[in-house]
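Chain and residue survey
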Amino acid sequence: MDFLLHHGVTVFGQWISIAELAGQVFALAVVFLAQRRTLWTWPVQVGATVLLFSVYASAHLGGLAGRQVAILLISLYGWWAWNRRTDPVYGVVVRKGRWTERAVMLGAFGLGTVAMALTLQALDASWAPWPDAAIFVGTLVAFAAQGVGLVEFWGVWLVVDAIGVPLQISSGLYFSAAIYLVFAALVVHGWVTWNRSARTAVSGEKAVAAAR
């Protein structure tokens, strides 16, 4: 991994390590694959977490590094969950969350961010504990919601992107910041795609129910 961290390329005057380049490309591919609800989303995500853990740890961003470990565990769960939720017609079944589920997501995001930020401060594990914590917790909430097929996970990703771009720039990770902007565009498209799929699945269920 040291080789990947200390060797890289220069793009528009900005040096990018191989680990950061490959990790962010993998992460970008994950968003693309998630739009299409393919099971390949999860093994590619595993590869991204390994690479980005080393990148963020070397940049002294404890929250962003730590979240890669959590993402790895959630990715394994998501892989298992999507295998169980595959429909022969609609693929991986997605739906809009209930109000109680949305409230749980919002509460977990808010309370989790406070707890994580205080922890990072106490451990001196990050120079920017609050945005670092928000990205950490937001990512976990988003992946957990994605694992159970909730359309709202795309909205959480938009919040994470909005926080992540300035943090990445302040950390000197300009390539990662640019990738976050691309993420935002893909997230909007993914949100529209999943909403359409959710409506189609509901319509299909209603048609089946009416035919009985």
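For the structure itself, look to the data block above.
Each residue is numbered by its place in its chain's sequence as written, counting from 1. The predicted origin of the model limits local features to residues at a pLDDT of at least 70 and limits the giving and counting of side-chain atom pairs to 80 or more, whereas totals for whole chains, interfaces and linings rest on all residues. Excluding hydrogens and water, the side-chain figures rest on all heavy atoms present in the structure.

Structurally, the α-helix is built with 3.6 residues per turn, so residues lying three or four positions apart point the same way. For helix α7 (residues 153–170), with 18 residues, the first-to-last C-alpha span of 26 Å sits near the 26 Å given by 1.5 Å per residue. Bending of α7 peaks at approximately 30 degrees at the position of G164, with proline P166 no more than four residues after it. Relative accessibility under 20% of the residue-type maximum defines a buried residue, over 50% an exposed one, and the middle range a partly exposed one, all with a 1.4 Å probe and only protein chains included. Secondary structure counts use DSSP, requiring at least four H or I residues in a row for a helix and at least two E residues in a row for a strand, with both numbered from the N terminus. Considered for burial, the residues of α7 that qualify are F153, W154, G155, V156, W157, V160, D161, G164, V165, L167 and Q168. Looking one or two residues beyond α7, the residue adopting positive phi is G172, at roughly 80 degrees. By definition here, a helix of n residues has an expected span of 1.5 Å times n minus one. Each residue is assigned a bend, namely the angle between axes fitted to the seven residues that terminate at it and the seven residues that start at it.

Basic side-chain nitrogens of Lys or Arg form a salt bridge, by our definition, when they fall within 4 Å of a carboxyl oxygen of Asp or Glu. A complete count under the given rule lists three salt bridges for this structure. Note that R95 and E101 form a salt bridge whose closest N and O atoms lie 2.7 Å from each other. The exposure class of R95 is partly exposed, given its relative accessible area of 26%. For R102, the salt bridge identified is with E152, shortest N-O distance 2.9 Å. Placement of the pair is R102 in helix α5 (residues 99–123) and E152 in the loop between α6 (129–147) and α7, with a sequence separation of 50 residues. Overall, the relative accessible area of 26% leaves R102 in the partly exposed class. Residue class for E152 comes out buried when judged on its relative accessible area of 14%. One network of salt bridges, with partners in common, ties together R95, R98 and E101.

Note on terminology: a nonpolar core comprises buried Ala, Val, Leu, Ile, Met, Phe, Trp, Tyr and Cys residues joined through side-chain atoms within 4.5 Å. Membership of the largest hydrophobic core comes to 49 residues, with the highest contact counts inside it found for Y56, F153, W154, V156, W157 and W194. When contributions to this core are tallied by element, the ones reaching two or more residues are α2 (18–35), α3 (41–58), α4 (62–84), α5, α6, α7 and α8 (174–211). The element contributing the most residues to this core is α6, with nine residues. Among residues more than four places away in sequence, those in contact with W194 are A34, Q35, R37, W82, V94, Q146, G149, L150, V151, F153 and W154. Residues are treated as being in contact if the distance between any of their heavy atoms lies within 4.5 Å.

A pocket here means an open set of points on a 1 Å grid, computed over the protein atoms alone, that has protein on both sides within 12 Å along at least five of seven lines. A cavity is instead a set of points where a 1.4 Å probe fits but cannot get out; residues with an atom within 4 Å of a point line either one. Grid points are joined across faces, edges and corners, and a volume is the space filled by probe spheres set on the points. Reported here for the largest pocket is a volume of approximately 190 Å³. Along its surface, the largest pocket is lined by R102, A103, M105, L106, F109, V141, E152, G155, V156, V159 and W191. A per-element tally of the lining of the largest pocket places α5 first, with five residues.

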